[in-house]
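Chains, contacts and geometry: an overview
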Amino acid sequence: MIRSCPRCQRRNRVPARHLADEGRCGACQGALPPLDSPLDVDAGQFDEIVAGAEVPVLVDFWAAWCAPCRAAAPEVAAAARAMAGRAIVLKVDTERDPDLAARFGVSGIPHFEVFRAGESVRGRSGYRTRTELESLTLG
């Protein structure tokens, strides 16, 4: 995954298993904080992150046309900030990757799925608040 340094804006390659870790920028040696925002991924990136993550992964299956998905987006972003370093938050566009949504039986969106050690451990459909998402992921 490519992450920009908040200090010098240089792009850094970060292995998927280290997205929740604090690192150092390869150019300026400044702190590269854990991922604190939802990461929009395709099927290949999804598989790499879920398989390699050492923390829980919350996945938001959504679509641009879905009003409840758009309403949930700020809650998902707030949950990503609150769980930085303790969980990774991914977004999967079901219009772009319908096969990925089908793989997990997503029939209604928004749908939230939590993964630990590469395996799905729980899922919930429908709008959720930041605190509900945190409880779903870390609880």
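A brief report on the enclosed structure follows. Bear in mind the structure is a predicted one, so any value in this text is a computation, not a measurement. Counting restarts for each chain: residues are numbered from 1 in the order of the written sequence. Selection of residues for local features in this predicted model requires a pLDDT of at least 70, selection of side-chain atom pairs for listing and counting requires 80 or more, and totals for whole chains, interfaces and linings are taken over all residues. Working from all heavy atoms in the structure, the side-chain values ignore hydrogens and water.

**Quick look at the packing of aromatic side chains**
- The criterion for an aromatic pair is that two Phe, Tyr or Trp rings (for Trp, the six-membered ring) have centres within 6.5 Å, with stacked assigned to planes under 30 degrees apart, edge-to-face to planes over 60 apart and tilted to the rest. The final tally for this structure, using the stated rule, is four aromatic pairs.
- Taking the centre distance of 6.3 Å and the plane angle of 45° together, the rings of Phe61 and Phe104 count as tilted. With Phe61 in strand β6 (residues 57–62) and Phe104 in the loop between α3 (98–103) and β8 (111–116), this pair connects stretches of sequence that are 43 residues apart.
- Where Phe104 meets Phe115, the ring centres are 5.1 Å apart and the plane angle is 80°; that geometry is what we call edge-to-face. In this pair, Phe104 is assigned in the loop between α3 and β8 and Phe115 in strand β8, connecting sequence segments 11 residues apart.
- Among the aromatic residues, ring-to-ring pairing joins Phe46, Phe61, Phe104 and Phe115 into one connected group.
- For a lysine, the NZ atom is tested; for an arginine, the CZ atom; a charge sits over a ring if that atom is within 6 Å of the ring centre and within 35 degrees of the ring normal. Above the face of the Trp62 ring, Lys91 is positioned so that its terminal group lies 5.0 Å from the ring centre. A run of H or I in DSSP becomes a helix once it reaches four residues, and a run of E becomes a strand once it reaches two; helices and strands are each numbered from the N terminus.

**Some remarks on the sheet that holds β8**
- Spatial ordering of the open sheet is given by β5-β7-β6-β8-β9, a layout of five strands whose pairing is mixed. For this open sheet the edge positions go to β5 (39–40) and β9 (119–125), each flanked by a neighbour on one side alone.
- Residue contacts follow a heavy-atom distance rule, with two residues in contact if any of their heavy atoms lie within 4.5 Å. All axes here are fitted lines through C-alpha atoms, helices being fitted over the stretch that makes contact, and every angle between N-to-C directions spans 0 to 180 degrees. Of the strands in this sheet, β5, β6, β7 (88–93) and β8 are in contact with helix α1 (residues 43–52), which crosses β7 at around 155°.
- Against the sheet, helix α4 (residues 130–138) engages β6, β8 and β9, with an angle of about 30° to β8. For two strands to be treated as a pair, DSSP must find at least two bridges joining them.

**Here we look at the pairing of β8**
- Only protein chains enter the area calculation, which uses a 1.4 Å probe; residues under 20% of their type maximum are buried, those over 50% are exposed, and those in between are partly exposed. By the criterion of burial, β8 is predominantly enclosed, with five of the six residues buried.
- Taken together, the six bridges between β8 and β9 define a ladder with antiparallel strand orientation. Across the sheet, the residue bridging to Phe112 is Arg124, located in β9.
- Two successive antiparallel strands, β8 and β9, enclose a turn made up of two residues, where Ala117 displays a positive phi of approximately 50°.

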